[in-house]
There are 2 protein chains.
Amino acid sequence: MGKRQTISFTRPPRIVSGMSVVGTKEGEGPLGKYFDSIETDPKFGEKTFEKGEATMFERAIVGAIDKAGLKKFDIEALLAGDLLNQCVSSSYVARGLSMPFLGLYNACSTMTEALALGSVLVDGGHFKRVACLTGSHFATAERQYRYPLEYGCQRPPYAQWTVTASGCSILASEGEGPIVANAVIGRVVDYGINDLNNMGAAMAAAAADTICAAFDDTGMDERDFDAIFTGDLGRLGAEIMRDLCRERGLELGQRYSDCGEMMYSRQQKCYCGGSGAGCSAAVLNSFILSKMKSGEYKRVLLLATGALMSPTTSYQGETIPSISHGVILEA
Amino acid sequence: MGKRQTISFTRPPRIVSGMSVVGTKEGEGPLGKYFDSIETDPKFGEKTFEKGEATMFERAIVGAIDKAGLKKFDIEALLAGDLLNQCVSSSYVARGLSMPFLGLYNACSTMTEALALGSVLVDGGHFKRVACLTGSHFATAERQYRYPLEYGCQRPPYAQWTVTASGCSILASEGEGPIVANAVIGRVVDYGINDLNNMGAAMAAAAADTICAAFDDTGMDERDFDAIFTGDLGRLGAEIMRDLCRERGLELGQRYSDCGEMMYSRQQKCYCGGSGAGCSAAVLNSFILSKMKSGEYKRVLLLATGALMSPTTSYQGETIPSISHGVILEA
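The structure contained in this document is the topic of the report that follows. Here the structure is a predicted model, which is why all the values come from computation and not from measurement. (Residues numbered from 1 in each chain as written. Chains lettered and ligands numbered in written order. Predicted model: local features only at pLDDT ≥ 70, side-chain atom pairs only at ≥ 80, totals over all residues. Heavy atoms only, no water.)

## Description of the packing of aromatic side chains
Using the criterion set out here, one finds 16 aromatic pairs over all chains in the structure. Relative to Phe-287 of chain B, the ring of Tyr-34 of chain B has its centre 4.9 Å away and its plane inclined at 80 degrees; by these criteria the two rings are edge-to-face. Of the two residues, Tyr-34 of chain B sits in the loop between α1 (24-27) and β3 (37-39) while Phe-287 of chain B sits in helix α9 (residues 277-293), which places them 253 residues apart along the sequence. Owing to a relative accessible area of 21%, Tyr-34 of chain B belongs among the partly exposed residues under this scheme. Assessed through its relative accessible area of 11%, Phe-287 of chain B is described here as buried. A centroid spacing of 5.9 Å and a plane angle of 25 degrees characterise the contact between Phe-215 of chain B and Phe-225 of chain B, whose relative ring orientation is stacked. Residue Phe-215 of chain B is found in helix α6 (residues 199-218), and its partner Phe-225 of chain B is found in the loop between α6 and β11 (227-230); the two are separated by ten residues along the sequence. Assessed through its relative accessible area of 8%, Phe-215 of chain B is described here as buried. Members of the aromatic cluster, each reached through a chain of ring pairs, are Tyr-34, Phe-229, Phe-287 and Tyr-297 of chain A. Of note, Lys-43 of chain A hangs over the ring of Phe-49 of chain A, and the distance from its end group to the ring centre comes to 5.0 Å. When the ring centre of Phe-225 of chain A is taken as origin, the NZ or CZ atom of Arg-299 of chain A, which lies over that ring, is 5.9 Å away. (Phe/Tyr/Trp six-rings, centres within 6.5 Å; stacked < 30°, edge-to-face > 60°. Helix = DSSP H or I, 4+ residues; strand = E, 2+ residues; numbered from the N terminus. Buried < 20%, exposed > 50% of the residue type's maximum accessible area, 1.4 Å probe, protein only. Lys NZ or Arg CZ within 6 Å of the ring centre and 35° of its normal.)

Below you can see the structure in the form of structure tokens.
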């Protein structure tokens, strides 16, 4: 028996707008038509990939504010995090915005962590409108976590491809859009994986842990959802997720998809699919919100998934701890 | 006119216990007698400094839970962050605790960020007892942010010394201890400093911004507090903080101290004093809580201060953005 991990809101906030900004490869993938903005320059007009990533984040938040019919000044707080060391993309974007800023880090689970804490702040009446922002960039992540791009390192077939994408959701106490009915705060789970190319497997255990907590706490099960998404497990990780759930008596079936698996077609040769904090952030703020708006999805469970190791801990022989925070969205 | 940055709690949580774990140098400093645990082994019995840092964090949370007369299972969530890339000290400690985990990153302002968000969660009735944890380690920070220790790099006189310290506070909806009456969510401020040895100056601007927000929002001023602390500005940064406040009509006087300045005596040759997330975390959970318990302090404003750059952004020519989150504690 675990602790209660699910938060219910008495005044659930609404996602009044979402904005997705992606790179070329993501734009050419199966979800291309759903994304708001596709940028062909991997540096987003800047001199370095890192500055480009920050510019991508800025476009996401500015776009989300604009789509909500609001001005920057209407946003009362920013919750954001990213994969770069010291979460610099988020901090440098926050510098230009002059609003209360809460920096978060749960790797690729940061989107749902931000939605969870943002919802707690709005539900508590502390802020009326907050922005939840994250993303990732292929080139900055590769050179920070793995090898310089120029090195041309060979990858195993179960590797994933860090998406270049940013997503921003505006949560508000009033307005139109799906509500955040519940947030499920994940625990750190370690499946004993120490292969940095196999993070999908490591994170699948965390997603399975959180989905069980959500169902235990709420009394709901998989049949209560029109769609269930994990963040960036990739093809192999998603299969492991299905297996782990099956062992616990949950048959996810066709309603389950992984945002990383959805991001690229097989022809794009991205191995097992997309990864990165921008993966679930972009899919939520484009595809998922669009399907909720059209009425196709009434209730969705989104489980963004994060691997919490660092290059240093891996060199020191550690396994990969993972986490998955969930949000239950209702149209 | 800025936005409202101050959160008030209707059911303010109490800090029912605090634990501080420090290294030898900190134990030999002026606050030595206040710290709960002084460890002479810089690796805390582990093989690497990084694993030692995680062990220090673990001792802080285990000690805080114990001092509160609680068991691990009584703690319903952990809010934690640290200075290592990917916040691994926090994540690896969370792995062993099996409780909902929210990873935070606002550099050395993480202690007050955790107290702010932890208080929002307890005040909202979502969790009854949460742990707020952070820290820093001289050896891990030096080799990640600056130079290998063996290099023996010379420092300018205005440099600071990263403290080896961890602090943990247990927040609870019931029990004995000072309340968190308000939290002040900081904005990211950039004073134009690009010298990594002069972070005190960069962060002073953020602390001054947040203290003004706190006073504007609450109608209080410096005379309403028995003590006001900044996190880790050091001697030079604290002087700049006094000057910036004076320019805005606030005379901080004797009631103001900086935790970094307090940490070491001049004889310890730590340049301008201590820095690091563990600085305010350890001083809060030892000296400050002790003075509140004894009745010497009735109301305290703690402004932990964080510099949000990374080595990469500095190499790319960026200035240092900073943030300071505040908490108002009442006995």
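## Quick word on the side chain of Asn-198 of chain A
Residues and elements named next belong to chain A. Tracing the backbone through its elements, the reader meets Asn-198 in the loop between β10 (189-190) and α6 (199-218). Judged by its relative accessible area of 16%, Asn-198 is buried. Residue contacts for Asn-198: discarding those within four places in its chain leaves Tyr-158, Ile-193 and Leu-236. (Contact = heavy atoms within 4.5 Å.)

## Here's the deal with the nonpolar core
If you look at the biggest cluster of nonpolar residues, it comprises 100 residues, and the most contacted ones within it are Phe-229 and Ile-288 of chain A together with Phe-229 and Ile-288 of chain B. Apart from residues no more than four positions distant in its own chain, Phe-229 of chain B is found in contact with Tyr-256, Ser-257, Cys-259, Met-262, Phe-287, Ile-288, Tyr-297, Val-300, Leu-301, Leu-302 and Leu-303 of chain B. Of all hydrophobic cores here, the second largest spans 68 residues; its members include Phe-57 and Ile-65 of chain A together with Leu-70 and Tyr-105 of chain B. (Core = buried A, V, L, I, M, F, W, Y, C linked by side-chain atoms within 4.5 Å.)

## Digging into the relation of the copies chain A and chain B
Least-squares fitting of chain A to chain B yields an RMSD of 0.0 Å, with the superposition described by an axial translation of 0.0 Å and a rotation of 180 degrees. In symmetry terms, the pair is related by a two-fold rotation axis. Relative to the rotation axis, the C-alpha of Leu-104 of chain A is the closest in chain A, positioned 2.1 Å from it. (Least-squares fit on C-alpha atoms with pLDDT ≥ 70 in both.)

## Side note on helix α2 (residues 49-67) of chain A
Helix length check: α2 of chain A, at 19 residues, gives a terminal C-alpha distance of 26 Å against a target of 27 Å (1.5 Å per residue), a fit within 8%. Note on α2 of chain A: the residue one or two positions beyond its end, Gly-69 of chain A, has a positive phi of about 70 degrees. (Expected span 1.5 Å × (residues − 1).)

## Overview of the environment of Phe-44 of chain A
Within the element layout of this structure, Phe-44 of chain A appears in the loop between β3 (37-39) and α2. In contact with Phe-44 of chain A, not counting residues within four places along its chain, are Val-21, Val-22, Glu-39, Gly-52, Thr-55, Met-56, Arg-59, His-137 and Thr-164 of chain A.

## Thoughts on the interface of chain A and chain B
Of the residues lining the interface, 59 residues belong to chain A; the matching set on chain B comes to 59 residues. Taking both sides of the interface into account, the surface hidden between chain A and chain B amounts to around 5100 Å²; carbon and sulfur atoms contribute 59%. Area buried by chain A at its contact with chain B is led by Lys-3, Gln-86 and His-126 of chain A, which between them contribute 16% of it. Scanning the region where chain A abuts chain B turns up four salt bridges. Note that Asp-190 of chain A is salt-bridged to Arg-95 of chain B, the shortest N-O span being 2.6 Å. In this assembly, chain A and chain B are joined by 32 residue pairs in polar contact (both at pLDDT 80 or more). Residue composition of the side of chain A that touches chain B, grouped by class: 28 nonpolar, 18 polar and 13 charged. (Buried area = accessible area lost by both parts, 1.4 Å probe. Salt bridge = Lys/Arg side-chain N within 4 Å of Asp/Glu carboxyl O. Polar contact = N/O pair within 3.5 Å; in protein donor to acceptor, adjacent residues only side chain to side chain. Nonpolar A, V, L, I, M, F, W, Y, C, P; charged D, E, K, R; others polar.)

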